[in-house]
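Structural features, examined
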Amino acid sequence: MIITLVLALVVVGAAYAALVVLFPPKRLRPLVQRQLTAMVARDVRFGAVRVGLWPPVRVTAANVELAEPGGFTRGAMLSAGSLHLDLDAIALMSNRFVVKRLVIERPALHVLLRTDGTSNLDGLGRDPEADPAAARKPMDLSVREFVIRDGRLLVDDLKAARRFAARIGVRWELELKRGTRFATHGETVIGEVAFGPLSAARLRDLNRTLENLRWEIEHRGAFDSEQKRLALETLTLHFGRTELKLTGLIQDPGPRPIVDLRARGTAIDVGEILEFFSESDARALHGIRGDGTLEFDLAIRGALGASGSRRPDLTGQLGLANASLQFPSATAKVEGLSLIARFAPDSIGIGNLAARVSGQPVRGSVSVTRFVDPRVVFAVRGDIDLAAVAPLLVPAGGALSGRAAVDLRGGGRIKDPEAMNIDGRAVLTKVRVRQPGLPRDFENIGGTLEFSRSRLTIAGLSAKAGGSSLAIDARIDRPLALMSKPGPDRVAPATVDFNLRSPRLDLADVMPPPGGDLVLPYARGGGRIAIGEFKNGKVEIEALAAEVTLEPTSIAASRFGGRIYEGTMNGSARFDVQNSAHPRLAVSARLDSARVERLLGTWVPPGNWLSGGLGTSLDLDGDLADLRRSITLAGLATVWNGTLGHAPVFDRIATFAKMPAFKKVNFRDLKSSFRVRNGRVFTGPATISGAQGEWLLGGSVGLDGTLDYSVSVTVPRELVQQLGANAAVAAGALADEQGRVLMDFRVTGAAQSPKIAWDPTAMRARLEGRVNEAIEEQKEKFENAVRDTLNQRITAAQDSVRAAAEHYRKAVEDSIRRRGRDLLKGFFGADSTKEPTTP
């Protein structure tokens, strides 16, 4: 016994010594390199290589890499931490590799599917024509166990612009005979599935909603490389206790195979399938529960992935019996769901769908034919609790509840929704919708929708959102076109005629917040709007009535009217969503008999420093996302029977000039052009005529309250004693030879703490009969603001504003001329057209 053991050890030692002598590291490495390169017809590189005798003869290569087509300059198609080959020792000594076992540790495989149908796997393996000797002597290969541990798979589909990643494990057995036919059986495990666009550079950038699912695939089949045919004796997919089987033939495996396959499943537990998918992170499936029985017997024949209109034929039948399901976020349950789906070449029909939703019966049918250009015929009838199917109808973060009593039937070409014919009605009751991106839930939605072929009639559809409510009646031709998405192949828009009524409508309740995309219904037409109280930010209008024109990217009111600032307003408006992320609002309007203090209090608070009746025309144009920041407001204003006062600036002027009467300036009329631009309100030159003398002022006030004004006051001789203007002279004002007192101020600082200073240069200039340069400077600033804004507008708008500015310039001059030649000289000099000179 001892002698036998010693002899055995001697034999093993001798065999090991022989392996070391025959295959030293310097010889083993190039041998493995040559053999692997010949087998795969690609560049191969690896780290250390070693050979072991026990257990059987094993060759181990570390850090193995297989090049992409074109070499390693294009990257590695396959990389692995290590590769282990268990070899037949006798064949190894004859410089032949016969693999009994192959183990690949931590491999990462990259598969590239090109747009022309080829891949980076093409050409992998030795070409018999390139090696005739090898073709004459095909090698038999037996791999009793082929193992992949902790593998990673990455598939880039250039045609679909998609990327797919997964973790994979393999345990197969392979038998290769005559170098062209091999048989295989074994199992594959796939998990941690992720997918997304090609632009995703990291795993965390992909959609990982299915990463918790685990597929186990068992297979038994044979492949003939000469005939390029794969025969599947069986291919079985397991998840949980569910088992699905596939048998048949696949000709030309690859991106465009020709298949003849049959799939069968009997007595499949729907609850188990739903439980399996409920473990995924997919919002519509996560946490779903149910039960029922599913059976199918389906066959698919034809070419997969082929270009052109021909698609593989799917035939057979699928049945679902007494199933139920409930989404975790749904308060209602779908029960008694049964259907039989029959598949035929280029068609599918479900003729007897039945279910109970919250105890109410629902029945329906649907058939689809011509899959290349699908045509559908459907019918549905029942009282549906929308909460039971909400996860299927609203996006993540949304919600849906209420009831819809439907009795609808119709059909048509899916790609041409405008021509879809639908008949029947749907009655909505207490429906509530939460839509991501909208600030409020729409509640108490109710009304009747009547379908008649290609027309939808909406009767009494009402809804509430926050403090807003509305009701609408409408007639819509080709209503399904409303849901058409942007793109070059869009169908013609729906045609709409509507009548909208609302006691109160605040756009903050129904519009997306700033930065959110806004898309209007894809429609063309018009309608009438009547709103008791309308609010859009700072704009509040009562009794708003409008005639509206609707386009796919805009809503325009060619004529509207209402009450605003205790007066009336009429004009036109346009709301444009050409850039859905930055919708714009443009308004051109005329105000009559409004209170100027209300307007100023809204836009430039506090607004009580100016009061009186207001008549003005204005243009409002701005980005709705931030109207205050980007507002452009322009117009021409006349204020009558008003006052200037009740503000720190007039108190400071009165104190500075030692004229208490200036704390409150009464006037008969005030005329001025104005423009709001870049956060400032530019006014003037404005003329004021009243008991405190003649005033001429120009400048701007910021929406932040900062002031930049020049003010010229002329007190006639007959009012000097009455107003105590001599005190102003003592404080620094000037008196001319006619006995008038001339006062010129610069007003700066903030509205709540203004700074007042004499402008002696302006006063001397007026004494010498020259133009007030300070007023001219402010006039130039105003004109620059007008010019900069008008450069962004169309030529027609430019001509209109310039004409208006000229009109008011003449109005200012006419107003001064009416007060006499001497007064005109006091403001502008003998000739107002001359260039000013330096005093």
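Turning to the pattern of salt bridges, a few remarks are in order. Inspection of every chain in the model, using the stated rule, returns 36 salt bridges. With a shortest N-O distance of 3.2 Å, aspartate 383 and arginine 403 are connected by a salt bridge. Of this pair, aspartate 383 sits in strand β19 (residues 375–385) while arginine 403 sits in strand β20 (residues 399–413); the two residues are 20 residues apart in sequence, bridging distant segments of the chain. Using a relative accessible area of 26% as the deciding quantity, one classes aspartate 383 as partly exposed. Residue glutamate 443 pairs with arginine 432 through a salt bridge whose shortest N-O separation is 3.5 Å. With a gap of 11 residues between them, glutamate 443 in strand β22 (residues 442–453) and arginine 432 in strand β21 (residues 421–434) connect regions that are remote in the sequence. By sharing partners, the salt bridges in this structure join Asp150, Arg152, Arg167 and Glu192 into a single network.

Moving on, we get to the packing of aromatic side chains. What describes a pair of aromatic rings is the distance from one ring centre to the other and the angle between the planes of the rings. One pass over the full model with this rule turns up 5 aromatic pairs. When the ring of phenylalanine 146 is compared with that of tryptophan 172, the centres are 6.0 Å apart and the planes differ by 65 degrees; the resulting orientation is edge-to-face. Here phenylalanine 146 is found in strand β7 (residues 141–157), whereas its partner tryptophan 172 is found in strand β8 (residues 162–177), with 26 residues between them in sequence. According to the relative accessible area criterion, tryptophan 172 is partly exposed, its value standing at 28%. Seen from their ring centres, phenylalanine 656 and phenylalanine 745 are 6.2 Å apart, and the 70 degrees between their planes marks the pair as edge-to-face. Of this pair, phenylalanine 656 sits in helix α10 (residues 648–657) while phenylalanine 745 sits in strand β38 (residues 741–750), placing them 89 residues apart in sequence. Classification of phenylalanine 656 by relative accessible area gives partly exposed; the value is 27%. Assessed through its relative accessible area of 1%, phenylalanine 745 is described here as buried.

Time to look at the nonpolar core. By size, the foremost hydrophobic cluster in this structure holds 133 residues, and its most contacted members are Phe662, Val715, Met743, Phe745 and Val747. Here this core gets 6 residues from one element, more than from any other, and that element is strand β27 (residues 539–551). The next biggest cluster of nonpolar side chains, apart from the first, holds 20 residues, and it includes Phe46, Val64, Leu87 and Phe146.

What follows is about helix α13 (residues 760–767). All of the buried residues in α13 are Ala762, Met763, Ala765 and Arg766. Relative to the axis of α13, the buried residues are bounded by an arc of 160 degrees and lie together on one face. One or two steps after α13, the chain reaches glycine 769, where phi turns positive at roughly 80 degrees.

A word on the pairing of β38. Bridging between strand β36 (residues 707–715) and β38 involves 7 bridges; their strand directions are antiparallel. Within β38, the residue paired with valine 713 across the bridge is methionine 743. Relative to β38, strand β37 (residues 734–735) is paired through 2 bridges, and the arrangement is antiparallel. Counted as the bridge partner of leucine 734 is leucine 742 from β38. Hairpin connection between β37 and β38: a loop of 5 residues separates the two successive antiparallel strands, and glycine 739 in this loop has a positive phi of roughly 90 degrees. Note that β38 and strand β39 (residues 753–758) share 6 bridges and pair antiparallel. In the sheet register, glycine 749 faces β39, and the bridge partner there is proline 754. Here β38 hands over to β39 after 2 residues, the two strands then running antiparallel side by side.

For asparagine 322, which is not glycine, the phi torsion reads 50 degrees and is therefore positive. Positionally, asparagine 322 belongs in strand β15 (residues 313–326). The backbone phi angle of lysine 658 is positive, close to 60 degrees, even though this residue is not glycine.

Moving on: the confidence of the model for the chain. Scored by pLDDT, the chain has a mean of 77; 76% of the residues are at 70 or more. Below pLDDT 50 for its whole length, residues 1–22 participates in 10 contacts with residues either more than four positions away or in separate chains. Below pLDDT 50 for its whole length, residues 811–839 participates in 47 contacts with residues either more than four positions away or in separate chains.

On to the environment of aspartate 441, then. With respect to the element layout, aspartate 441 can be found in the loop between β21 and β22. Take aspartate 441: its relative accessible area is 17%, and that puts it in the buried class. Sequence separation of aspartate 441 and alanine 465 is 24 residues, and the distance between their C-alpha atoms is 5.7 Å. Ignoring sequence-local partners within four residues, the contact set of aspartate 441 consists of Arg432, Val433, Arg434, Lys464, Ala465 and Gly466. Looking at aspartate 441, its side chain comes within polar contact range of the side chain of arginine 432, at 2.9 Å.

Right, let's talk about the pairing of strand β35 (residues 693–702) for a bit. Burial of β35 is extensive: 10 of the 10 residues sit out of reach of the surface. Bridge count between strand β34 (residues 680–690) and β35: 9 bridges; the pairing is antiparallel. Bridging across to β35, alanine 686 finds its partner in leucine 697. Between β34 and β35, which pair antiparallel and follow one another directly, the connecting turn spans 2 residues. Here β35 runs beside β36; their pairing, made up of 8 bridges, is antiparallel.

A few words on the environment of glycine 191. Within the secondary structure, glycine 191 sits in strand β9 (residues 181–197). Separated by 23 residues in the primary sequence, glycine 191 and arginine 214 have C-alpha atoms spaced 4.7 Å apart. Sequence-distant contacts of glycine 191, that is, excluding residues within four places in its chain, are made with Ala166, Arg167 and Leu213.

Note on placement: aspartate 506 falls in strand β25 (residues 494–506). Look at aspartate 506: it is buried, it has no salt bridge, and the nearest opposite charge is arginine 504 at 4.2 Å. Leave out the neighbours within four places in its chain, and aspartate 506 touches Ser468 and Lys535.

Further remarks concern the side chain of serine 502. With respect to the helices and strands, the residue serine 502 is situated in strand β25. Serine 502 gets classed as buried once you look at its relative accessible area, which sits at 5%. Here the side chain of serine 502 touches serine 469 through a polar contact of 2.4 Å, landing on its backbone oxygen. The residues touching serine 502, leaving out its near neighbours within four places in the chain, are Ser469, Leu470, Ala530, Ile531 and Gly532.

As a further point, take α10. Taken together, the buried positions of α10 are Val649, Phe650, Ile653, Ala654 and Ala657. Viewed along the axis of α10, the buried residues span an arc of 135 degrees, placing them on a single side of the element. Just beyond α10, the residue with positive phi is lysine 658, at close to 60 degrees.

Cut-offs used in this document
Residues numbered from 1 in each chain as written. Predicted model: local features only at pLDDT ≥ 70, side-chain atom pairs only at ≥ 80, totals over all residues. Heavy atoms only, no water. Salt bridge = Lys/Arg side-chain N within 4 Å of Asp/Glu carboxyl O. Helix = DSSP H or I, 4+ residues; strand = E, 2+ residues; numbered from the N terminus. Buried < 20%, exposed > 50% of the residue type's maximum accessible area, 1.4 Å probe, protein only. Phe/Tyr/Trp six-rings, centres within 6.5 Å; stacked < 30°, edge-to-face > 60°. Core = buried A, V, L, I, M, F, W, Y, C linked by side-chain atoms within 4.5 Å. Arc of directions from axis to C-beta. Pairing = 2+ DSSP bridges. pLDDT = per-residue confidence, 0-100. Contact = heavy atoms within 4.5 Å. Polar contact = N/O pair within 3.5 Å; in protein donor to acceptor, adjacent residues only side chain to side chain. Lys, Arg positive; Asp, Glu negative; His and termini not counted.

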